[in-house]
Amino acid sequence: SAVISQKPSRDICQRGTSLTIQCQVDSQVTMMFWYRQQPGQSLTLIATANQGSEATYESGFVIDKFPISRPNLTFSTLTVSNMSPEDSSIYLCSVVTGDQPQHFGDGTRLSIL
Amino acid sequence: SQQGEEDPQALSIQEGENATMNCSYKTSINNLQWYRQNSGRGLVHLILIRSNEREKHSGRLRVTLDTSKKSSSLLITASRAADTASYFCALNSNDYKLSFGAGTTVTVRA
C-alpha cells in the first residue's frame, strides 16, 4: 500500500491564524481526500482534492475556510483558515487507487488557543 | 451520504476473549471497510469486504457482510492488550468517498 506522509503531525496555533497541512504520497494515486475528526468523534469528509482543479467540498465545508490544493497525483495541501477553538481536531488525508482500500496518513492534531 | 451505525459504543473484555462489533447501514454499498485507530492516531486499514462477498478473514479478524440485512460484523478472536483501540466501519457507495460509523471503543483487560 502507498506510504503517506502528513506534516505537521501536531501544532498549537493562535486563533485567527491559518495553518497549511501537507500530504505526500510515495506513488501516484487516483483520489485524495481530507477528513476531520473532532474530539471524541468519528471522521467527517471535508472534501475531495482534485488534481489540477478546484476541490469538491462536502456540505458544511467551504473553500474560504478550507482551501485545498492538489498540484499533482502525489501531493495535496489543506489550509485551515482564520482558526477558532472549534477547529481543534485531527485532520487526516487519505488516498485510494482503483478499487483498493483507502489508506490514511497519521493525521495532524491541531489545537487552537 | 449515509453513515454506518455501530454497536456497541464500547466493549470491555478480558485478554483471550473474542470481541464482536456490528455495523448497520441503510442504502446499497459498493464495499465496506473496517479500520482501527489507536488513541487518536491515524487509521489503520483492517479489511475491505465487497458487496458480493459474505465473509473475509485476516489473521485473527473475521468480517461478515449480509447485504439483505444491510449489516456487517467484525470479530476479533483471542484478543490481546494491543487490540485496545477504536474500530470504525466505513461505507463506500461507488464514489470512493467513505462514510464512517461512530466507532466502537474496545478495551482489552490483561
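### Quick word on the side chain of Glu6 of chain B
All names here are of chain B.
- Tracing the sequence through the fold places Glu6 in strand β1 (residues 5-7).
- Here Glu6 is buried and forms no salt bridge, its nearest opposite-charge partner Arg36 lying at an N-O distance of 13 Å.
- Here the side chain of Glu6 touches Cys89 through a polar contact of 3.0 Å, landing on its backbone nitrogen.
- A distance of 3.0 Å separates the side chain of Glu6 from the backbone nitrogen of Gly103, its partner in a polar contact.
- With residues up to four places along the chain from it excluded, the contact list for Glu6 reads Asn22, Cys23, Trp34, Tyr87, Phe88, Cys89, Gly101, Ala102, Gly103 and Thr104.

### Points about the interface of chain B and chain A
- Contacts between the two partners involve 21 residues from chain B, matched on the other side by 22 residues from chain A.
- Approximately 1,600 Å² of surface area, both sides summed, lies buried where chain B meets chain A, with 52% of it carried by carbon and sulfur atoms.
- Sorting the residues of chain B by area buried against chain A places Leu43, Tyr96 and Lys97 of chain B first, and these three jointly supply 34% of that buried surface.
- The tally of links from chain B across to chain A stands at three salt bridges.
- Taking the shortest distance from any N to any O, the salt bridge between Arg41 of chain B and Asp106 of chain A comes out at 4.0 Å.
- Our count for the chain B to chain A interface comes out at nine residue pairs in polar contact (both at pLDDT 80 or more).
- Looking at the side of chain B that touches chain A, the elements that each hand over two or more residues are β4 (31-37), β5 (43-50) and β10 (98-100) of chain B.

### A few points about the layout of surface pockets
- Roughly 360 Å³ of internal volume is contained in the largest pocket.
- Of all the secondary-structure elements, those providing two or more residues to the lining of the largest pocket are β9 (89-96) and β11 (108-112) of chain A together with β9 (85-92) and β11 (104-109) of chain B.
- Among the residues forming the lining of the largest pocket, the class breakdown is five nonpolar, 15 polar and one charged.

Basis of the calculations
- Residues numbered from 1 in each chain as written.
- Chains lettered and ligands numbered in written order.
- Predicted model: local features only at pLDDT ≥ 70, side-chain atom pairs only at ≥ 80, totals over all residues.
- Heavy atoms only, no water.
- Helix = DSSP H or I, 4+ residues; strand = E, 2+ residues; numbered from the N terminus.
- Buried < 20%, exposed > 50% of the residue type's maximum accessible area, 1.4 Å probe, protein only.
- Lys, Arg positive; Asp, Glu negative; His and termini not counted.
- Salt bridge = Lys/Arg side-chain N within 4 Å of Asp/Glu carboxyl O.
- Polar contact = N/O pair within 3.5 Å; in protein donor to acceptor, adjacent residues only side chain to side chain.
- Contact = heavy atoms within 4.5 Å.
- Buried area = accessible area lost by both parts, 1.4 Å probe.
- 1 Å grid on protein atoms, 1.4 Å probe; cavity = no way out; pocket = protein on both sides within 12 Å on 5 of 7 lines; lining within 4 Å.
- Points joined across faces, edges and corners; volume = space filled by probe spheres on them.
- Nonpolar A, V, L, I, M, F, W, Y, C, P; charged D, E, K, R; others polar.

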